[in-house]
Amino acid sequence: MELEDINSITVLGAGNMGHGIAEVAALAGYDVNLRDIKEEFVQNGYDQIEWSLGKLAEKDQLSEAEADAALERITPLVDFEEAVSDADFVIEAVPEKMDIKKDVYSEMEEHAPDHAIFATNTSSLSITELSEVTNRPEQFCGMHFFNPPVRMQLVEVITGAHTDDSVLDVTEELAEEMGKTPVRVRKDSPGFIVNRVLVPLMNEAAWIVESGDATVEEVDSATKFDIGLPMGSFELADQVGIDVGYHVLEYMHEVLGDAYEPCPLLAEKVEEGNLGKKTGEGFYDYENGGVDVPT
Ligand code: 3HC
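- The protein chain is annotated in an unreviewed UniProt entry as enoyl-CoA hydratase of Haladaptatus pallidirubidus.

### Here we look at the pairing of strand E1 (residues 8-12)
- With respect to burial, E1 is a largely interior element, five of its five residues being buried.
- On E1, burial covers both faces: Ser-8, Thr-10 and Leu-12 on one face and Ile-9 and Val-11 on the other are all buried.
- Here E1 runs beside strand E2 (residues 31-35); their pairing, made up of five bridges, is parallel. Paired with Ser-8 across the strands is Asp-31, a residue of E2.
- Looking at chain direction, E1 and strand E4 (residues 89-92) are connected through four bridges and run parallel. In the sheet register, Ile-9 faces E4, and the bridge partner there is Phe-89.

### What to know about the sheet that holds strand E8 (residues 181-185)
- With mixed pairing, the eight strands of this open sheet are ordered in space as E3-E2-E1-E4-E5-E6-E7-E8. Each of the sheet's edge strands pairs with one partner strand only, and the pair in question is strand E3 (74-77) and E8. The mean inter-strand angle of the sheet, taken between neighbouring strand axes irrespective of direction, is 25 degrees.

### Regarding unusual backbone geometry
- With an omega of 0 degrees, the peptide bond running from Asn-147 to Pro-148 counts as cis.
- Mapped onto the elements, Pro-148 comes out in the loop between strand E6 (140-144) and strand E7 (154-158).
- Even without glycine at this site, Asp-60 takes up a positive phi of about 60 degrees.
- Judged by local crowding, Asp-60 falls into the exposed class, with 7 C-beta atoms found within 10 Å.
- For Phe-192, which is not a glycine, the phi torsion comes out positive at approximately 55 degrees.
- On the secondary structure map, Phe-192 appears in the loop between E8 and helix H8 (194-210).

Reading the values: rules and limits
Residues numbered from 1 in each chain as written. Predicted model: local features only at pLDDT ≥ 70, side-chain atom pairs only at ≥ 80, totals over all residues. Buried ≥ 20, exposed ≤ 12 C-beta atoms within 10 Å, placed from the backbone. Helix = DSSP H or I, 4+ residues; strand = E, 2+ residues; numbered from the N terminus. Pairing = 2+ DSSP bridges. Axes fitted to C-alpha atoms, helices over the stretch in contact; angles between N-to-C directions.

This is the structure in structure tokens:
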């Protein structure tokens, strides 16, 4: 498939990453189906896109007309078949669990056209293993965006053992068409490149607090102002979703060994359901802290 053959993009999962990817695709001029399992999830994703486009317009990063046109290109859907039956390119951004993703791919191959490329936004899971549940492992790759997709420049384009080079080429071209900078990841290993570095950093920050050596605020001041990260480690965990980082660590621990053992502090937050900005509370309180994100 050539880039010109891609007209319709489906994004599966309307959470933090899914709705952000749908927004980026619509801004690049594509017709986008945004699908989630419940009406309220899709609506929430759609509302967040509307909010984000409004912010970009408010800051003169695009005109009101461009914001409206991008929103019009997005169709929120719950019906799976309707969402994928006309897709040229499907980007899956459902929860970071191997079983959930495999179920989605089993259903997807039944309804998506034969020519459609499947790309997963997985943060860490094996591209090869996911591709093998489909009838088109050679048309399958990783397309990993970063949070928030509309602001972050990088996209990792990851090969699986069966991926055809032409699929990686067109996926990179698509990322560029979306205004992003793709980096090809040639080895399908847990966490790929960025999360292999970033998620252990978040974990180590949590271990420092768990051991009583420093507070959340002290670690964040050090990582933000001294090491020079754009956000402190805990602020970043709240932005990404503590559950997302935790699931990545669980997988890295399972495959790569004890160095990646998730800190119990992260497990506690996940059990409490305090997952960061998206739930209003994580390591910081966003409901009472005047943080400018929609709830
Ligand atoms: N759409 C539109 N506007 C948004 C937005 C969005 N999605 N998210 C935030 N904003 C707005 C805020 O509301 C705020 O608006 P305000 O000024 O009216 O209050 C404004 O953007 C903040 O923008 P600034 O340019 O002033 O802020 P920053 O310069 O601090 O940039 C940032 C924000 C780009 C998020 C920056 O802090 C950053 O780069 N943080 C690091 C993020 C990062 O590393 N992400 C990757 C995480 S790893 C990952 O995602 C992988 C996964 O697999 C785990």
